[in-house]
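One-letter residues, chain by chain:
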Amino acid sequence: MSISIPDYLLKMPQYLPNDIEGMIFTYPNKFPVIINNYEEAAKKYAMDPEGFREYGNSQKKELVEGLNKIKNEYEECKIKDLKFLVEIDQKLNKLFCFRFWIVNYLFADGPIHSFYVDNLKMLIRKLVKADETEKYEAKVEETIQILLQSDYADEYLEQALNCNIVLEELNKIDEIKEDLNKVTKLIDKDSMKNMDEINKIWSDIWKVIDNSNNEKIYDLLHIALVQVKFRNSPLPLYNTLTHTIEFRRENLKLKEKYDNMNLKINEILENAKKELDKDEYDLLKMSYEQAKNFAMYKDVMGAIDGKLLPFWFGIHDEIKEILRKTNKNMPIKSLGQAAMFYYLVWYLPEDLKAIVMTPDFTDFSLENI
């Protein structure tokens, strides 16, 4: 392909949309090596969809390994004083910066993503044909949405598709058919009003499933089951099962739409191959592939949130509890991952302030995390 991304778009961004924690203003200063690491990755993978997927998978692997190592260090420590907790937070920030932030923010929300989306929209306007302006604009918007949605099933769509299969699997179990009919009628009548009775039936149904060790149903409901463990309550599971029944018709329509998506995308790309010149077609195909990659790795990397965030926020809670013993007027705030930099650091003793606010010029490695 003779078309390339302008060099200035491969530099560290100065601003990121959706950066609620303001990490773009913190991480390049705290961890200056990240600038070179990102810019090298941008040069290698900005126009290499397959390479980006390999890179994303390698980052996810080390993200998981790094988190496990930090958690083990935390759990093995007998005296969790303020200094130890601050150091654990800084290790989490370094892990997050080098093995999550690049893929999930700098690529997925940054200028490279914008470049591809903008080109996708521009080329679709050249591709689409319609007689009337209103029809043309509607067709352009529809085509753009199809390509940006892609044939990737995000977490929401995956759950909807899984719900269809869950319902099929439940209907195969003879021991629960009577209860399943009862709970379906209660849900169809009024799921909120009948919630207590519905949840009681789900409890009975789940005992049968649990006793049978139905691995397929476990796998399909893995997100809900993680929430059950995290919240120490069966309600996330019961709510998911209720929604499986309540939205069964809508979920079937989503499946039908998803099944047709591949066909529509292939039709658009085949038409583009005929109507656009080679460079334009290559750019359209690249834009589609990378936009899909960035959406996909938002989910792939974000799957760790259920394990990472409760642990990290727990560290912050412990730090706040210690600090409040000597800072009675310390305000209570909602905190995110980068809270150490924009809130907690202000209340630390001077030696620990220095740990947080001194730049770390070392690269990331699992051995030294």
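Scroll up for the structure.
How each quantity is defined
Residues numbered from 1 in each chain as written. Predicted model: local features only at pLDDT ≥ 70, side-chain atom pairs only at ≥ 80, totals over all residues. Heavy atoms only, no water. Phe/Tyr/Trp six-rings, centres within 6.5 Å; stacked < 30°, edge-to-face > 60°. Helix = DSSP H or I, 4+ residues; strand = E, 2+ residues; numbered from the N terminus. Buried < 20%, exposed > 50% of the residue type's maximum accessible area, 1.4 Å probe, protein only. Lys NZ or Arg CZ within 6 Å of the ring centre and 35° of its normal. Salt bridge = Lys/Arg side-chain N within 4 Å of Asp/Glu carboxyl O. Core = buried A, V, L, I, M, F, W, Y, C linked by side-chain atoms within 4.5 Å. Contact = heavy atoms within 4.5 Å.

Student: Could you clarify how one ought to interpret the packing of aromatic side chains in this entry?
Tutor: For the structure on display, the rule yields 20 aromatic pairs. Ring plane angle 80° and centroid distance 5.1 Å describe the contact between Phe52 and Phe294, whose orientation is recorded as edge-to-face. Residue Phe52 is found in helix α3 (residues 49-76), and its partner Phe294 is found in helix α14 (residues 278-302); the two are separated by 242 residues along the sequence. Across the pair, exposure class does not vary: Phe52 and Phe294 are buried alike. Ring geometry for Phe100 against Tyr105: centres 6.4 Å apart, planes inclined by 50°, an arrangement best described as tilted. The pair formed by Phe100 and Tyr105 is uniform in burial state, with each residue classed as buried. Members of the aromatic cluster, each reached through a chain of ring pairs, are Tyr38, Tyr45, Phe52, Tyr55, Phe107, Phe294 and Tyr297. When the ring centre of Tyr74 is taken as origin, the NZ or CZ atom of Lys80, which lies over that ring, is 4.7 Å away.

Student: Is there a simple way to think about the pattern of salt bridges in this case?
Tutor: Side chains that differ in sign of charge can pair as their charged atoms come close. For the structure on display, the rule yields 20 salt bridges. Among the salt bridges present, the one from Glu62 reaches Arg99, with a minimum N-O distance of 2.9 Å. Of this pair, Glu62 sits in helix α3 while Arg99 sits in helix α4 (residues 82-107); the two residues are 37 residues apart in sequence, bridging distant segments of the chain. Residue classification places Glu62 among the partly exposed positions, given a relative accessible area of 26%. When its relative accessible area of 13% is taken as the criterion, Arg99 is described as buried. Across the pair Asp282 and Lys278 runs a salt bridge, and its minimum N-O distance is 2.8 Å. Of this pair, Asp282 and Lys278 both sit in helix α14, four residues apart, which is roughly one turn of the helix. In this structure Asp282 comes out as buried when scored by relative accessible area, which is 16%.

Student: Before we go on, may I ask you to explain the nonpolar core in this structure?
Tutor: A general trend in soluble globular proteins is that nonpolar side chains are found buried together. Within the largest apolar cluster, 92 residues are counted, with the highest numbers of intra-cluster contacts made by Trp101, Phe107 and Ile112. Element by element, the count of residues in this core is highest for α4, at 17 residues. Ignoring anything within four residues of it in the chain, the contact list for Phe107 reads Tyr38, Ala41, Ala42, Phe52, Tyr55, Ile102, Ile112, His113 and Phe294. Core analysis: the next-biggest nonpolar cluster, separate from the first, contains 24 residues, Leu167, Leu186, Trp206 and Ile217 among them.

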